[in-house]
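Structure assessment
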Amino acid sequence: MTYKKPELLIPASSLEVLRTAVMFGADAVYIGGEAFGVKFYANGAMIIKLESYYDGEKYVCPAKDGGLKVNDIIKKVNNTKISTNEELKSEIEKSNGNEITVEIDRNGKTENKTVLPIKNTVGVYLLGAWVRDSCAGIGTITYYNDSNNYFAALGHGICDCDTAALLPLKSGEAVRAEISGIEKSVCGKAGSFCGYFT
């Protein structure tokens, strides 16, 4: 077995990072530490909150009545694939008050629920569910390899900020970011970058 000698252009942030980079085939390792922005798009629409609304006579929550729960991931409505909040809203409006079949992913298992959308006081059909289809954040590049056009960043799973559940990742993109401040960590609470995408 022959080993390639890596071309180390600038020292990596630690020996462990260097070993990991080489193990995964890097032939040139650059120091990390640069901030970047990341946008994630979910594979479906995750329910983050159920909320009753007034239909003119009483408060209703069709999603709850139909058996939907927080952290359910809506995958389809009447066999139409759901990728965004807008697609979900469109399918609900098309129901015209008829029952819809909602395919969800609940804890890794597919289930179908029957839900009856109900109009609010301005005549819009709703489910009474707040959903999320994307999120964004700022990370730090650990190393990158320009010959293979990839980079790695030490991080954690992307969780919903309201429910703490892992978002089902469909796709994402890295963007430039500027750091405007840093929130220092304290015992029991991780620190964070404050910034914006450029």
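Residues numbered from 1 in each chain as written. Predicted model: local features only at pLDDT ≥ 70, side-chain atom pairs only at ≥ 80, totals over all residues. Heavy atoms only, no water.

Side note on the overall build of the protein chain
- The helix and strand inventory of the protein chain stands at three helices and 17 strands.
- Buried positions account for 32% of the 198 residues belonging to the protein chain.
- For the protein chain, restricting intrachain contacts to residue pairs at least 6 apart in sequence, the fraction spanning at least 24 positions comes to 62%. (Helix = DSSP H or I, 4+ residues; strand = E, 2+ residues; numbered from the N terminus. Buried < 20%, exposed > 50% of the residue type's maximum accessible area, 1.4 Å probe, protein only. Contact = heavy atoms within 4.5 Å.)

Re the nonpolar core
- Leu68, Ile74, Val77, Leu88, Ile100 and Val102 are the most contacted members of the largest nonpolar core, which has 17 residues in total.
- Mapped by element, the contributors of at least two residues to this core are β3 (35-50), β6 (73-77), α3 (85-94) and β8 (100-106).
- It is β8 that contributes the most residues to this core, three residues altogether.
- Apart from residues no more than four positions distant in its own chain, valine 77 is found in contact with Ile82, Leu88, Glu91, Ile100, Thr101 and Val102. (Core = buried A, V, L, I, M, F, W, Y, C linked by side-chain atoms within 4.5 Å.)

Observations regarding the packing of aromatic side chains
- In this structure the tally under the stated criterion is one aromatic pair.
- Ring centres of tyrosine 54 and tyrosine 59 lie 5.2 Å apart, and the angle between their planes is 50°; on these two criteria the pair is classed as tilted. (Phe/Tyr/Trp six-rings, centres within 6.5 Å; stacked < 30°, edge-to-face > 60°.)

Side note on the side chain of serine 83
- Within the fold, serine 83 resides in the loop between β7 (80-81) and α3.
- Using a relative accessible area of 14% as the deciding quantity, one classes serine 83 as buried.
- Within the local environment of serine 83, its side chain forms a polar contact with the side chain of lysine 170, the two groups lying 3.4 Å apart.
- Once you skip the residues sitting within four places of it in the chain, serine 83 turns out to touch Ala42, Gly44, Asp133 and Lys170. (Polar contact = N/O pair within 3.5 Å; in protein donor to acceptor, adjacent residues only side chain to side chain.)

Some points on the pattern of salt bridges
- Taken as a whole, this structure holds seven salt bridges when the rule is applied.
- A salt bridge links glutamate 51 to lysine 49; the shortest N-O distance between them is 3.8 Å.
- We classify lysine 49 as partly exposed; its relative accessible area is 42%.
- Notably, a salt bridge pairs arginine 106 with glutamate 111, separated by 3.5 Å at the nearest N-O pair. (Salt bridge = Lys/Arg side-chain N within 4 Å of Asp/Glu carboxyl O.)

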